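Spelled out, the chains give:
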Amino acid sequence: MGANNVAVADAGPILHLYEIDLIELFDIWNQVLIPQAVWDETVAMQRVPASRLTEMSVFSLRYVPTDALRQFVREFQFEKLHAGEQECLFVCREEGVPFLLTDDLAVRRAAKRLGVRPVGSLGVIVRGYRLGRFSLREAKMHLRALQNVSSLFVTPEIVELAIRQLE
Amino acid sequence: MHLDMMSVANYLSSLVQMTDQKEEYILAQALEIGLRQLWREEVLARYLRGELSREEAIEQVGITWVALADEQAEAVLEDIHWALTT
């Protein structure tokens, strides 16, 4: 994927992949940008230990200026989104980042409006499988763990739908 | 303690304390809510497998859940297509 292999991460995939012990999978990207508000929702709220992110060189923190964010939110009418989600979209737009990692359907829609490809936790796992990070059996196990173990809200049938696509 | 880390027994005793309701009442509520959720998941599963029409699914669990299932399924298929083909 080369130089454009950069993503911005919303809180969802960080939390959900951490909860199933797959935080290392973020290194399928060359760089993953974490806006300050997402850091606050995950690390500062003690839902993910800071060391799990700082020990991986792929992660990079981004500070978003308040005034510029406010203007951006108004321009695109993103007022209903949470602060972390707004900052993710802002960073994508400002830095021309092609991927936004999010498990939120409203944020997926917003990302598409900006021409950014949204990818959810489930997509990250399937990508890891495609890149040879684990076997089909392990991929299925991880996908089911997303539903059974992580706090991601996803119905069992959606997971099985994904598994059927892999088989 | 984080809620996710709690055992079923801990959930029960905590809910009794937090709500000031009797254990039997909370267990009855849990059974009802759990059964409703299992029913909904089964209906949506049958819908996503093509065993139920959209109209039938909406009739049984409501448009909100069916629309959510549609959007989730679309998102997952998009992600998988990207993950496997690019």
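Residues numbered from 1 in each chain as written. Chains lettered and ligands numbered in written order. Predicted model: local features only at pLDDT ≥ 70, side-chain atom pairs only at ≥ 80, totals over all residues.

## Structural notes on the overall build of chain B
Going by this rule: Comment: elements are numbered from the N terminus, with helices defined as DSSP H or I runs of at least four residues and strands as E runs of at least two. As a reference, a globule follows 2.2 Å times the number of residues to the power 0.38, and the radius of gyration itself is taken over C-alpha atoms.
Regarding its fold elements, chain B presents 4 helices and 0 strands. When the helices and strands of chain B are read in sequence order from the N terminus, they spell out α-α-α-α. Over its C-alpha trace chain B gives a radius of gyration of 18 Å, far above what one expects of a compact globule, namely 12 Å for 86 residues.

## Structural notes on the nonpolar core
Here is the rule we go by: For the purposes of this analysis, a nonpolar core is taken to be any set of buried Ala, Val, Leu, Ile, Met, Phe, Trp, Tyr and Cys residues that are connected through C-beta atoms within 7 Å. Here a residue counts as buried when 20 or more other C-beta atoms sit within 10 Å of its C-beta, as exposed when there are 12 or fewer, and as partly exposed otherwise, the C-beta atoms being derived from the backbone. Residue ranges assigned to the domains are those given by an automatic or database domain assignment. The contact criterion used is a C-beta to C-beta distance within 7 Å, with each C-beta placed from the backbone.
Counting residues in each nonpolar core, the largest one holds 66 residues, and the members touching the most others are A:Ala7, A:Val8, A:Cys92, A:Leu100 and A:Ala162. Tallying contributions element by element places helix α4 (residues 63-85) of chain B first for this core, with 6 residues. Of the residues that make up this core, three or more belong to each of domain 1 (2-122) and domain 2 (135-166) of chain A. Beyond its immediate chain neighbours, meaning those up to four positions away, A:Ala162 contacts A:Leu122, A:Val126, A:Leu143, B:Val76 and B:Ile80.

## With respect to unusual backbone geometry
Look at A:Gln46: it is not a glycine, yet its phi comes out positive at around 60°. Mapping A:Gln46 onto the fold places it in the loop between α2 (36-44) and α3 (50-54). The class of A:Gln46 is exposed, set by 9 C-beta atoms lying within 10 Å. Look at B:Asp20: it is not a glycine, yet its phi comes out positive at around 60°. In this structure, B:Asp20 sits in the loop between α1 (8-19) and α2 (23-48). For B:Asp20, a count of 7 C-beta atoms within 10 Å corresponds to the exposed category.

## Considering helix α1 (residues 11-19) of chain A
All names here are of chain A. Of all 9 residues in α1, 7 are buried, a share of seventy percent or more. In this fold, the buried residues of α1 make contact with β1 (6-9), α2, α5 (83-95), β4 (99-101), α7 (121-130) and α8 (136-148). The first or second residue beyond α1 is Asp 21, which carries a positive phi of 60°.

## A look at the domain arrangement of chain A
Residue and element names in this part refer to chain A. Where we set the bar: When residue character is reported, Ala, Val, Leu, Ile, Met, Phe, Trp, Tyr, Cys and Pro are called nonpolar, Asp, Glu, Lys and Arg charged, and the others, Gly included, polar.
Considered domain by domain, chain A is made up of domain 1 (2-122) and domain 2 (135-166). A straight line from the C-alpha centre of domain 1 to that of domain 2 covers 22 Å. Listed as interface residues are 9 residues of domain 1 and, on the opposing side, 9 residues of domain 2. Mapped onto the side of domain 1 that touches domain 2, the elements with two or more residues apiece are α1 and α7. At 4 residues, the largest contribution of residues to the side of domain 1 that touches domain 2 is made by α1. Its residues assigned to classes, the side of domain 1 that touches domain 2 shows 4 nonpolar, 3 polar and 2 charged.

## Let's talk about the packing of α7(A) against α8(A)
Residues and elements named next belong to chain A. Let me state the cut-off plainly: For helices, the axis comes from a line fit to the C-alpha atoms of the stretch in contact; other axes are also lines fit to C-alpha atoms, and the angle between any two N-to-C directions lies between 0 and 180 degrees. Each angle is binned into one of four classes, with values under 35 degrees roughly parallel, values over 145 roughly antiparallel, values of 65 to 115 roughly perpendicular, and all other values oblique.
Running from amino to carboxyl end, α7 crosses α8 at an angle of 170°, the nearest separation of the two axes being 10 Å. It follows from the interaxial angle that α7 and α8 lie roughly antiparallel. Contacts between α7 and α8 involve Ser 121, Leu 122, Ile 125, Val 126 and Tyr 129 on the former and, on the latter, Leu 136, Ala 139, His 142, Leu 143 and Leu 146. Broken down by class, the residue content of the contact of α7 with α8 amounts to 8 nonpolar, 2 polar and no charged.

## Some words on the sheet that holds strand β2 (residues 31-35) of chain A
All names here are of chain A. Note the following rule: A pair of strands is treated as paired once DSSP finds two or more bridges between them.
With parallel pairing, the 5 strands of this open sheet are ordered in space as β3-β2-β1-β4-β5. The open sheet has two edge strands, β3 (59-62) and β5 (117-119), and neither has a second partner. When the angles between neighbouring strand axes are averaged without regard to direction, this sheet yields 30°. Looking at chain direction, β1 and β2 are connected through 3 bridges and run parallel.

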